[in-house]
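Coordinate inspection notes
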Amino acid sequence: MTETVKSPAPPQDPRRIPGESGTWVFLFGDMLVFGAFFVTFLVERAGSPATPGTFDTARTTLHIGVGVFNTLVLLTSSLFVVLALGAMRSGARAIATRAVAAAIACGLVFIALKVFEYVSLATAGHGPGADPFYLYYFILTGLHLFHVCLGLAALTFVLTQTRRAELGSTRTALVEGAACFWHLVDLLWIFLFALLYLVS
């Protein structure tokens, strides 16, 4: 009687947090900074009655359609980044390259629409000095736009890595950290969109 000897199952990679620990310290710190701005904005807004020239009236002059479209653009870009990371892990470099390029294109569309919105608002007399709402609007969205530019630089780095045959542990952590930063940019915009465009 022969016994069937089962071969041991291959060891599985332990679950780990993507990126480096320093990346997450930076991301959480960034979230705290934005959180402080959000709380300050809400406190200022709570003390402003809904009369002409105040927060609620000024909010209605924003381009809600542009805000919705920009939200969809950033959500789509985050989806492309997820697809790119999956393709890189499976060795599908061509798919990863196209996915990252599409995410970068979405980021550029976001910037173009935000610049259009800035110019349109300023032309209509709604510049940073028009009232307290627009002061906060330009500070918050301008800070976020700076993060979008940083995120595009990070995605450009990821694009250069999609052409490599293999990635070491350090480069993999950098790529994952860049992707996490882009997701943070997306998340911050969702909060900004709700706070500035929708909350009344």
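These lines cover the structure that appears in this document, whether it is placed above or below. (Residues numbered from 1 in each chain as written. Predicted model: local features only at pLDDT ≥ 70, side-chain atom pairs only at ≥ 80, totals over all residues. Heavy atoms only, no water.)

Further remarks concern the nonpolar core. One finds Phe41, Leu62, Phe133, Tyr134, Tyr137 and Leu196 to be the most contacted residues of the largest nonpolar core, which totals 52 residues. Only helix 1 (21–46), helix 2 (55–59), helix 3 (64–89), helix 4 (93–123), helix 5 (132–161) and helix 6 (169–198) provide two or more residues apiece to this core. The dominant element in this core, judged by the number of residues it contributes, is helix 6, at 15 residues. If we skip the residues at most four places from it in the chain, tyrosine 137 touches Leu62, Lys114, Glu117, Tyr118, Leu121, Gly142, Leu196 and Tyr197. (Core = buried A, V, L, I, M, F, W, Y, C linked by side-chain atoms within 4.5 Å. Buried < 20%, exposed > 50% of the residue type's maximum accessible area, 1.4 Å probe, protein only. Helix = DSSP H or I, 4+ residues; strand = E, 2+ residues; numbered from the N terminus. Contact = heavy atoms within 4.5 Å.)

A word on a nonpolar patch on the surface. Together, Ile64, Val68, Leu72, Leu75, Ile190 and Leu198 give the surface a local cluster of nonpolar side chains, amounting to about 480 Å² of exposed area. Secondary-structure assignment places isoleucine 190 in helix 6. Accessibility expressed as a relative area gives 34% for isoleucine 190, which makes it partly exposed. (Patch = residues over 30% accessible without salt bridge, like charges linked within 9 Å, V, L, I, M, F, W, Y side chains within 5 Å. Areas by Shrake-Rupley, 256 points an atom, 1.4 Å probe, with all protein chains shown as cover. Salt bridge = Lys/Arg side-chain N within 4 Å of Asp/Glu carboxyl O.)

If you trace the backbone, phenylalanine 37 turns up in helix 1. Owing to a relative accessible area of 30%, phenylalanine 37 belongs among the partly exposed residues under this scheme. Separated by 102 residues in the primary sequence, phenylalanine 37 and isoleucine 139 place their C-alpha atoms 9.3 Å from one another. Once you skip the residues sitting within four places of it in the chain, phenylalanine 37 turns out to touch Ile139, Leu140 and Leu143.

As a further point, take the environment of glycine 86. Relative to the assigned elements, glycine 86 resides in helix 3. In this structure the C-alpha to C-alpha distance between glycine 86 and alanine 96, which are ten residues apart in sequence, comes to 7.8 Å.

Before going further, it helps to examine the packing of helix 4 against helix 5. Contact geometry for helix 4 and helix 5: axes closest at 10 Å, N-to-C directions at 160°. By the angle between their directions, the pair helix 4 and helix 5 is classed as roughly antiparallel. The hand of the helix 4/helix 5 crossing is left-handed. For the contact of helix 4 with helix 5, the class distribution of residues is 19 nonpolar, six polar and two charged. (Axes fitted to C-alpha atoms, helices over the stretch in contact; angles between N-to-C directions. Parallel < 35°, antiparallel > 145°, perpendicular 65-115°, else oblique. Left-handed = near helix turned anticlockwise from the far one by under 90°. Nonpolar A, V, L, I, M, F, W, Y, C, P; charged D, E, K, R; others polar.)

What follows covers the packing of helix 5 against helix 6. Where helix 5 contacts helix 6, the axes come no closer than 9 Å and their chain directions differ by 155°. The angle between the axes of helix 5 and helix 6 places the two elements in the roughly antiparallel class. Considering only the axes of helix 5 and helix 6, their crossing is left-handed. Class assignment of the residues belonging to the contact of helix 5 with helix 6 gives a composition of 21 nonpolar, five polar and one charged.

Per the stated rule, a full pass over the model turns up two salt bridges. Here arginine 89 makes a salt bridge to glutamate 176, at a shortest N to O gap of 3.2 Å. With arginine 89 in helix 3 and glutamate 176 in helix 6, the pair connects residues that are 87 residues apart, well separated along the chain. For arginine 89, a relative accessible area of 58% gives the class exposed.

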